Amino acid sequence: MSQTLPPGSFGLPIVGETLSFLNDPAFADKRQEKYGSIFKSHILGRPSVVMVGPEANRFILSSHMRHFSWRDGWPETFKELLGESLFLQEGEAHQRNRKLLRPAFHGKALEGYLDTMKQITQTYLKKWEARGDFTWFGEMKQLTFEIASILLLGSEPGEMTTRLSQLFGDLSAGLFSLPLRFRWTPYGRALYARDQVLAHIERVVRDRQQHPTQDALGLLVQSRDEEGGSLSLAEIKVQALLMLFAGHETTTSMLTSLVMSLAQHPAVCNRAQAEQDMLAAEGPLNLDQLRRMPYLEQVLKEVERLYPPVAGGFRRVIESFEFNGYQVPKGWQALYRINATHRDRRCYSEAEQFDPDRFSPERAEHKQYEFSLVGFGGGPRICLGLAFAQMEMKLVAAYLLRNYTWELLPHQDLTMTPIPTLRPRSGLKVRLRKR
Ligand code: HEM
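Residues numbered from 1 in each chain as written. Predicted model: local features only at pLDDT ≥ 70, side-chain atom pairs only at ≥ 80, totals over all residues. Heavy atoms only, no water.

(A) Structural detail: the sheet that holds strand S12 (residues 429–434). Pairing within the open sheet is antiparallel, and its three strands lie in the order S4-S12-S9. The strands lining the two open edges of the sheet, one partner per strand, are strand S4 (133–135) and strand S9 (404–408). Neighbouring strand axes in the sheet, compared pairwise and without regard to direction, differ in orientation by 35° on average. Relative to S12, S4 runs antiparallel, the two being bridged by three bridges. Bridging across to S12, Thr135 finds its partner in Lys429. (Pairing = 2+ DSSP bridges. Helix = DSSP H or I, 4+ residues; strand = E, 2+ residues; numbered from the N terminus. Axes fitted to C-alpha atoms, helices over the stretch in contact; angles between N-to-C directions.)

Here it is in structure tokens:
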């Protein structure tokens, strides 16, 4: 086995390179340019290795998973706020829970969510139409939160959803804060918010136990594995909380990038609109139509490639390994880079260009290398909400394309900023009109 550590620098004693990592958006790009597709650093208190490209993704996400811990890759604040949920589980516990959760995010269950998604989306479209000029990111966030909280947490539209949204804002703000537990600190407020949301979920679960329903919580209550085992109340509570966290900010980010890209590329928008007009001629939007939107799917893939809401993933190395001739010791932290893989010139021609046709059946650039399109992760732990998110994004996009046109307002800063989730700095100021 090689004894050579990857090239790179550990930076200063104790802090390592954490400050540059947190403050310089080009931190990893610069080092990748200097050292190549595997390099070492010292970030967030741990010696770290950053690995880029489809081969690295396959290694971490699939072929050499046993060398990595998901649980110990996340900061302590995550563990306390998000509890023993799927993100943090490993091995058999993870497999069992993933199996029990899966039915709520696939097949029949998704079909059952369609009407609610449609109703909520239409309410927002009317509101945006009445406004004309508005900032889209915040609006998308409300929309995706409402869909997720009603379908996943059994919330009701109106006051309850608004209250949950506020609590959730506090919870999210605490995830990357200093773990000071006083009531007035961000972390203290996040803990309080978590308890309130969990208490809400508990009330709904108890109700679903008496009166089964077809929303996600109702399905989780009824879910059984092969041995007849089910999720306990405590398990359902933390898993539902995680779903809301994992589900709505990511979808908000990608929807915002989608409408921005469509406004910036009129020829693409026209083709997507023509596809929708053909389908609309058959009748109102339904499940069958959602499955027949190949061009919109290409556009969504291109948005996923150029604007992945999640930039990468952390893992803890629990068994030393060798990659590309370098030794990575046990105890290090490993980071795989989604955004950099998506701009890898070996995989994608003119990688900086927005070009949905790269995903056409003839070109299918993402099929040249496995694990080259990983906006939803990959391997056995690929995003559980992938189908849910895709359905939601297609539905919102289809309604918009069929009924509206929109343009970006001048004098705004469209620089993409990654924190807390990827978005244009201005929030995307637009003017929307009925077609
Ligand atoms: C555009 C929307 C979304 C994006 C871009 C996205 C992205 C991702 C990514 C990159 C991962 C893997 C993270 C890693 O490897 O460290 C992941 C995992 C996960 N996502 Fe999503 N996600 C989205 C929507 C959703 C939704 C709607 C839900 C639930 C309702 C969800 C639930 C999950 C869960 C539970 C996992 C962990 C799976 C496991 O470890 O087994 N996501 N997602």
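(B) Examining the pattern of salt bridges more closely. Tallied over the entire structure, the rule returns 38 salt bridges. Across the pair Asp215 and Arg208 runs a salt bridge, and its minimum N-O distance is 2.6 Å. Residue classification places Asp215 among the buried positions, given a relative accessible area of 13%. One salt bridge in this structure joins Arg343 and Glu352, with 2.6 Å as the shortest N-O distance. Each of Glu302, Arg305, Asp355, Arg358, Arg363 and Glu365 takes part in one network of salt bridges that share partners. (Salt bridge = Lys/Arg side-chain N within 4 Å of Asp/Glu carboxyl O. Buried < 20%, exposed > 50% of the residue type's maximum accessible area, 1.4 Å probe, protein only.)

(C) Structural context of the site of the ligand. Close contacts around the ligand come from 27 residues, with His94, Arg98, Arg315, Tyr336 and Cys383 the closest. Tyr336 has a polar side-chain atom sitting 2.7 Å from an oxygen atom of the ligand. Contact between the ligand and Arg381: an oxygen atom at 3.0 Å from a side-chain N or O atom of the residue. For the shell around the ligand, the elements supplying multiple residues, two or more each, are helix H5 (91–101), helix H11 (233–264) and helix H16 (386–403). Here the shell around the ligand gets seven residues from one element, more than from any other, and that element is H11. (Near = heavy atom within 4 Å. Polar contact = N/O pair within 3.5 Å; in protein donor to acceptor, adjacent residues only side chain to side chain.)

(D) Broad picture of the side chain of Thr256. Within the element layout of this structure, Thr256 appears in helix H11. The buried category is assigned to Thr256, whose relative accessible area is 0%. If we ignore the near neighbours within four places in the chain, the residues touching Thr256 are Phe137, Met140, Pro424 and Leu428. (Contact = heavy atoms within 4.5 Å.)

(E) Examining unusual backbone geometry more closely. The backbone phi angle of Ile14 is positive, close to 65°, even though this residue is not glycine. Structurally, the position occupied by Ile14 is in the segment before helix H1 (18–23). By relative accessible area, Ile14 is classed as exposed at 78%. Its identity as a non-glycine residue notwithstanding, His411 has a phi of 55°, on the positive side. When you line up the elements, His411 lands in the loop between S9 and strand S10 (416–417). His411 sits in the exposed class, given a relative accessible area of 80%.

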